[in-house]
Each structure stands twice: as structure tokens, then as C-alpha cells.
Amino acid sequence: MASLRDLGLSEYEARAYRALLQTGPTTAKELSRASDVPMGRIYDILNSIETYNLVRSQSASRPKKYVAVEPTTALDRLLDDKKRELDQKKDQYEDIVDELAHELDAAEPVEETFWTAAVGPTQTIDLLLERLAAADDTIIIVASTLGQQFDIGEIGALVAEQLQNALDRGVSVKVLMRPELVDLLPESVGDHYAATLSSHPDFEVRTSDDVSGTFNVIDGTEVVIEVPHPLDTEEIFAMIDLKDRSFATGITNEFSPRWETARPLSF
């Protein structure tokens, strides 16, 4: 069940506020009895919830009386306090990440073959997004089918966001696809790529009939390959990430002449 403690009040503070709603204007001594908050703590508790702007006090009366602020107003104030607290936390965590990003320098990559695989729709897209986010220099996307990066829904938006982030950090992006795929792209996807990516000088799309397979080459050192489902070629079964400079170089060498003869796509 939802509780005032979920919004930051202590048990005694919550008891005191709830009791005030029932008693109406009352003294600290009377509130202590009504709320079961010890008399030795009641003034500290009242000062605390007064700081939260949950109660108003009548200083002119002797003894001093307190009244609860209406619940709707009180809850809005507690919610605003929590939002401010979360915004501050967000800023603190962002500062920590910025600091650690400079502190945690990765070791120089070891020139040895390493591969990993992901199976299933969630795992495959997570692997693809991770590797796109790791790119420092170049991303090559080759598509002979409408793979996940051109998905009409959330996945396509996530990939487009990663490509935009890559462009912003100086990575060049080249997309080579079969020409018939252009007509198969949902209009919303074409509009999205046109609006967010196509105007960037380091983003280019070309079409060629001489395209097979669907894969990505990252920084010329690793290849991310989509594996279609054996019973449904339109569905992705797995994603393989192979980190092998010689293999990636061979793929890039095969890609380069096809890219040079491909036709630029105008959005």
C-alpha cells in the first residue's frame, strides 16, 4: 500500500500529519496523545513537517496550535520535493559518469580473435546497440534484408539514436543496401532517417544490386552479423559479434569497391 513514508516522511511525521487531519487545530500535547508520538519528540516532529509545509501554526495562541494543510496541497508539495531531489540526484550521477569516463581508460585492445553471440529479439538488439555505441571511428551497415536497424517501431528509433550519437562524437556512418529495400521501408522510417541523419556530412546511404547478407563493421576491427531465422527469413534469430581485425579488413576490402560503384540515395 502507498504510504506517506514513500514520499519521504518518517513514521512519526506520518503519524503526526494523519492525526492532525483528524483533530483539526490542536496543541502539541494533544497531538502527542492522538498520534502516539512521544511527547519528547513531538516538537521536533512538528518543526520537521512544518519545514515540509504540511502544517501551519498559530503562534499567537498560548499554547501554540497547529493545523494540517489540506491533503491535496500537502501531497503536491511532497511530490515537488521528491522531484527536486531526483533532479539533484540525476545531476550528481551525470557528473559522476562524466568524471569516471575520463578516469576509467580502457586498456589497448589485444589483437586476438574474440566472438560472442546473442539469441532472441531482446538480446540481439541489445548486442547491436552496444556495439554501435562502442564505435570510435567508422560504422558500415550492409543490408540485403530489412534487419532490425530499419524496424518501424521502437528498435528502429533506438538504432537511429545510436547512429546520431555516433555522428555527434565524430564517427562516420555508411549504409549500403539493395535498391529494392528502399521501396519496402515504411514511410515513417524513411522520414525519420531523412529528418535526423541524412543532413549530417558523415552520414551517407547508397544502393547496389551487389549486396548480400546483413551485417555491420565497427571501426574496421569487428563485424556484427545478423543471422536470419531458418524458418522465417524476415525474422532475426541471432546476432554474432566477431572481433577479428583480419576478418574485418577482408570484409571492408570487399565492401569498398561495391560502395564506390553504388548509387547515392537521395532522401
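Residues numbered from 1 in each chain as written. Predicted model: local features only at pLDDT ≥ 70, side-chain atom pairs only at ≥ 80, totals over all residues. Heavy atoms only, no water.

1. Some remarks on the pattern of salt bridges
Between side chains of opposite charge, a pair can form as their charged atoms come close.
Then step 1. The final tally for this structure, using the stated rule, is 12 salt bridges.
Then step 2. Between Arg131 and Glu222 there is a salt bridge whose closest N-O contact spans 2.9 Å. Note that Arg131 is positioned in helix H5 (residues 121-134) and Glu222 in strand S9 (residues 222-229), a separation of 91 residues in sequence. In this structure, Arg131 and Glu222 share a single accessibility class: buried.
Then step 3. One salt bridge in this structure joins Glu254 and Arg258, with 3.2 Å as the shortest N-O distance. A residue pair is termed a helical-turn pair when its members lie 3 or 4 positions apart in one helix, as Glu254 and Arg258 do in helix H9 (residues 245-261) at four residues.
Then step 4. Members of the salt-bridge network, linked through shared partners, are Glu130, Arg131, Glu222 and Asp241. (Salt bridge = Lys/Arg side-chain N within 4 Å of Asp/Glu carboxyl O. Helix = DSSP H or I, 4+ residues; strand = E, 2+ residues; numbered from the N terminus. Buried < 20%, exposed > 50% of the residue type's maximum accessible area, 1.4 Å probe, protein only.)

2. A short note on the pairing of strand S7 (residues 203-207)
Then step 1. In terms of burial, S7 is largely enclosed, as four of its five residues are buried.
Then step 2. Looking at chain direction, strand S6 (residues 172-177) and S7 are connected through five bridges and run parallel. Paired with Lys174 across the two strands is Glu204, which belongs to S7.
Then step 3. The pairing of S7 with strand S11 (residues 263-264) spans two bridges and is antiparallel. Looking at the pairing, Thr207 lines up with Arg263 of S11. (Pairing = 2+ DSSP bridges.)

3. Description of a nonpolar patch on the surface
Then step 1. Taken together, Tyr93, Ile96, Leu100 and Leu104 make up a surface patch of nonpolar side chains, about 410 Å² in accessible area.
Then step 2. Looking at where Leu104 falls in the secondary structure, it is placed in the loop between helix H4 (71-103) and strand S4 (114-119). (Patch = residues over 30% accessible without salt bridge, like charges linked within 9 Å, V, L, I, M, F, W, Y side chains within 5 Å. Areas by Shrake-Rupley, 256 points an atom, 1.4 Å probe, with all protein chains shown as cover.)

4. Some points on helix H1 (residues 11-23)
Then step 1. Spanning 13 residues, H1 covers 18 Å between terminal C-alpha atoms, matching the ideal 18 Å at 1.5 Å per step.
Then step 2. Three or more residues of H1 are buried, namely Glu13, Ala14, Ala16, Tyr17, Ala19 and Leu20.
Then step 3. Summarising the contacts, the buried residues of H1 are in contact with strand S1 (26-27), helix H2 (28-35), helix H3 (39-51), strand S2 (55-58), strand S3 (65-68) and H4. (Expected span 1.5 Å × (residues − 1). Contact = heavy atoms within 4.5 Å.)

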